[in-house]
Amino acid sequence: MWYNSIVKRLAILSISLLLSLAAFGGTSAAFAEEADTRYPDDEEFTKTLSFSDLKDYEIEGDTFYFLDGETNYKYESNTLTVGEQPASFSPEKYEVSTDGYLYYFNGDALLAYEKTEPYTTTKFEGYSLLKEFNGAVYAVRDNTLYSIDGANEPAAMVFEYFDPSAAQKIPVGQTADSLTQNYELKFATVKEGAYITEADLSFPDGCLTSKDAVTVKAEKDMTALILCYTGNAAVISVGDKCYVTKLTPADEIDVDCYKAPSFIHATVTGSEIYASPYVVKGTSAVFPAAGMQVKILNKLELEGVLGTTFYEIEYTVDEQKHVGYVTEGLVTEYLFGENKEPASIPDPAHSEKNNVTTVVLVLIVITLVLVAAAYLTYAGTLGKLKSRKKKNEGTITEE
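As the structure is a computational prediction, the values presented were derived from the model and not from experiment.

**Q** Requested: an account of the sheet that holds strand β19 (residues 233-238), with residues and values cited.
**A** Read across the open sheet, the seven strands follow the order β17-β16-β20-β19-β18-β15-β21; overall the sheet is antiparallel. Lying at the two open borders of the sheet, with one neighbouring strand each, are β17 (215-217) and β21 (252-253). Across three bridges, the pairing between strand β16 (residues 195-198) and β17 is antiparallel. Pairing of Tyr195 across the sheet is with Lys217, part of β17.

As structure tokens, this is what we get:
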């Protein structure tokens, strides 16, 4: 009886675990869809460098170095680097002479004395750290660097830099559904100078982009495949790369990528059918797909945009016809018989990791089957023992 009790408890525990995993998956999906996908506006990628305790600075050509408190900054070509410093900071000066003016301190005031008639002197209050680089004069006031030019009012210098953090960890929103539902093959032009950010369709932490996602500006106009629209953005692919950017239907273009296929009816030999001609787990529409008989609609080729050659196919699921995509080489024109399904061939372009939850569920199901088989064997053996015991008791009674 103790064995029977343990088996029943194990079965109940396994079922509870399955329900918990299902509930967990549902909770994660709901969490991921709480916030809509929003791609930043262009101005959100631009930040202005400010200081709280500007102690020193150095200028080397177009490169500026700053010491703010204990933090060093390097600013060059709209790029800010934290932690870099010059070989040394030149000392501040109490007097600087240029062709037209002599700058010097008188108490707390910085004076600009004109060397020619009418020999005027202009006073500037609150400045310090007077320096001269390549004939230009600079000083600091209220933790801001100023450029000083004669009697003119000093001009505050503004240091704007590119900050990619605005596009990191963008909420996934409805992207997962949009990638596979009602897909239509579309292309668009990404304009030169547009911001694009690497997307991860495995949705790390429920996000479309990771905390380390790289954002760049398009160096020139380029053609991209639209995988879906989501929120105020579009998920696109160019070759093997996937990005999120701001696009609208107005950016769509007509592209001739269709080629005549050499056969019409075929059998899928790969493991999956994709909703769009981009091979990644997030675009998977049918799994497993090996052995499915399909109709070839078109052959798709577009160098530099599509990562490889695809077949646009028509397939049937639950008596409903759908359009999907498979890579060339993972279909065959040979139609297998009912008892001759081909072995599943892993998709060589598939780069996603195995779904851990699916593996766990499969292992649990196998365990349940083994437990059930053991229980049935135990029950059958116990019944035979009881039957033999009764028969033996009957024999003794007759004697």
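Right, picking up where we left off after that structure.
**Q** Pulling in residues and values, what's your account of the pattern of salt bridges?
**A** Scanning the model with the defined rule gives 17 salt bridges in all. Ionic pairing is found between Glu76 and Lys74, a salt bridge with its closest N-O pair at 3.7 Å. Residue Glu76 is classed as partly exposed on the basis of its relative accessible area, which comes to 33%. According to the relative accessible area criterion, Lys74 is buried, its value standing at 18%. A salt bridge links Lys74 to Glu84; the shortest N-O distance between them is 3.5 Å. Taken together, the residues Lys74 in strand β4 (residues 71-76) and Glu84 in the loop between β5 (79-82) and β6 (95-97) connect sequence positions ten residues apart. A relative accessible area of 34% places Glu84 in the partly exposed class. Three or more residues are tied together by salt bridges with common partners; here these are Arg38, Asp41, Glu44 and Lys246.

**Q** Account for the pairing of strand β12 (residues 144-148), with residues named and values stated.
**A** Sheet topology places strand β11 (residues 136-141) next to β12; five bridges connect them, and they run antiparallel. The residue of β12 that forms the bridge with Tyr138 is Ser147. Joining the antiparallel neighbours β11 and β12 is a turn of two residues, in which Asp142 adopts a positive phi near 50°. Taken together, β12 and the strand that follows it, strand β13 (residues 155-156), pair antiparallel across an intervening segment of six residues, in which Gly150 is found at a positive phi of about 60°.

**Q** Break down the packing of aromatic side chains for me, citing the residues and quoting the values.
**A** With the rule as written, the count across this model stands at 18 aromatic pairs. Both rings, one in Tyr39 and one in Phe45, keep their centres 5.9 Å apart while their planes meet at 50°; by these two values the pair is tilted. Phe45 carries the same exposure label as Tyr39, and that label is buried. Taking 6.2 Å as the distance between ring centres and 50° as the angle between the ring planes, the aromatic pair formed by Phe133 and Tyr138 counts as tilted. Of note, Lys131 hangs over the ring of Tyr57, and the distance from its end group to the ring centre comes to 4.8 Å. In this structure, Lys281 is placed above the aromatic ring of Phe287, and the distance from its NZ or CZ to the ring centre is 4.8 Å.

Parameters and conventions
Residues numbered from 1 in each chain as written. Predicted model: local features only at pLDDT ≥ 70, side-chain atom pairs only at ≥ 80, totals over all residues. Heavy atoms only, no water. Pairing = 2+ DSSP bridges. Helix = DSSP H or I, 4+ residues; strand = E, 2+ residues; numbered from the N terminus. Salt bridge = Lys/Arg side-chain N within 4 Å of Asp/Glu carboxyl O. Buried < 20%, exposed > 50% of the residue type's maximum accessible area, 1.4 Å probe, protein only. Phe/Tyr/Trp six-rings, centres within 6.5 Å; stacked < 30°, edge-to-face > 60°. Lys NZ or Arg CZ within 6 Å of the ring centre and 35° of its normal.

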